[in-house]
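One letter stands for each residue in the lines below.
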Amino acid sequence: MAKQENKNRSVGMAYEQQAAEYLEERGYQILHRNFHSRYGEIDLVARQGRTLVFLEVKYRKDETGGHPLEAVDWRKQRRICKTALYYCLRCGYGETMPCRFDVIGILGEEIIHVEDAFAFQG
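Below or above, wherever it landed, is the structure these notes cover. (Residues numbered from 1 in each chain as written. Predicted model: local features only at pLDDT ≥ 70, side-chain atom pairs only at ≥ 80, totals over all residues. Heavy atoms only, no water.)

**Considerations on a negative patch on the surface**
Together, Asp-62, Glu-63, Glu-70 and Glu-110 make up a region of like negative charge exposed at the surface. Its location among the elements puts Glu-63 in the loop between strand 3 (51–60) and helix 2 (74–91). (Patch = residues over 30% accessible without salt bridge, like charges linked within 9 Å, V, L, I, M, F, W, Y side chains within 5 Å. Areas by Shrake-Rupley, 256 points an atom, 1.4 Å probe, with all protein chains shown as cover. Salt bridge = Lys/Arg side-chain N within 4 Å of Asp/Glu carboxyl O. Lys, Arg positive; Asp, Glu negative; His and termini not counted. Charge placed at Lys NZ, Arg CZ, Asp CG, Glu CD. Helix = DSSP H or I, 4+ residues; strand = E, 2+ residues; numbered from the N terminus.)

Here you go:
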């Protein structure tokens, strides 16, 4: 079982790297990768201009198990929001810092970037 988890993690990291490169090509500055808190993990934290962007990256080889964007349900969104709040507190960003939550779905070779995919859930 540990081998499969390591393989899944390696695959996930490769697609997170692909997403980071995609974002950098579009002018985003990657600040953190795989930021952890007791609430969960955020795959990528970036800046686009003055906005702090928290990104979840999901990959699917095909739609057999569903579309990658469908994997970011309300539970996952809530964990991301709690972790984002912790990130802002830990890194010294004030309450006035503009933030948004994006999702990048990678389906086969196609990258789908949904800006402002969901609102903050406290």
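**Some points on unusual backbone geometry**
Look at Asn-34: it is not a glycine, yet its phi comes out positive at around 50 degrees. At Asp-116, a residue that is not glycine, the phi angle is positive and equals roughly 55 degrees. Take Asp-116: it is sitting in strand 5 (residues 110–118).

**Some details on the pattern of salt bridges**
Throughout the structure, instances matching the rule amount to 6 salt bridges. Glu-56 serves as the salt-bridge partner of Lys-58, at 3.4 Å between the closest nitrogen and oxygen. For the salt bridge of Asp-73 with Arg-75, the shortest nitrogen-to-oxygen distance reads 3.5 Å. The partly exposed category is assigned to Asp-73, whose relative accessible area is 30%. For Arg-75, a relative accessible area of 46% translates into the label partly exposed. Connected through shared salt-bridge partners, Glu-56, Lys-58 and Lys-76 make up one network. (Buried < 20%, exposed > 50% of the residue type's maximum accessible area, 1.4 Å probe, protein only.)

**Looking at the packing of aromatic side chains**
Inspection of every chain in the model, using the stated rule, returns 8 aromatic pairs. Both rings, one in Tyr-15 and one in Tyr-59, keep their centres 3.8 Å apart while their planes meet at 10 degrees; by these two values the pair is stacked. With a gap of 44 residues between them, Tyr-15 in helix 1 (residues 2–25) and Tyr-59 in strand 3 connect regions that are remote in the sequence. Note on Tyr-15: relative accessible area 19%, which makes it buried. Ring geometry for Phe-35 against Tyr-86: centres 6.1 Å apart, planes inclined by 35 degrees, an arrangement best described as tilted. Highlighted residues: Phe-35 in strand 1 (residues 29–36) and Tyr-86 in helix 2, separated in sequence by 51 residues. In this structure Phe-35 comes out as buried when scored by relative accessible area, which is 6%. Looking at Tyr-86, the relative accessible area reads 35%, which means it is partly exposed. Taken together, the aromatic side chains of Phe-35, Phe-54, Tyr-86, Tyr-87, Tyr-93, Phe-101, Phe-118 and Phe-120 make up a single cluster linked through ring pairs. (Phe/Tyr/Trp six-rings, centres within 6.5 Å; stacked < 30°, edge-to-face > 60°.)

**Description of the pairing of strand 4 (residues 99–107)**
Successive side chains on a regular strand alternate, one facing one side of the sheet and the next facing the other. Counting buried positions along strand 4 yields 8 of 9 residues, so the element is predominantly enclosed. In this sheet, strand 4 lies alongside strand 3 in parallel orientation, the contact comprising 9 bridges. Counted as the bridge partner of Glu-56 is Val-103 from strand 4. Handedness of the strand 3-helix 2-strand 4 crossover: right-handed. Where strand 4 lies against strand 5, 6 bridges are found, and the strand directions are antiparallel. Among the inter-strand pairings, Ile-104 is bridged to a residue of strand 5, identified as His-113. In textbook terms, the turn of a hairpin is the stretch between consecutive antiparallel strands, and for strand 4 and strand 5 this stretch comprises 2 residues, one of which, Gly-108, has a positive phi near 65 degrees. (Pairing = 2+ DSSP bridges. Right-handed = clockwise from strand over helix to strand, strands pointing away.)

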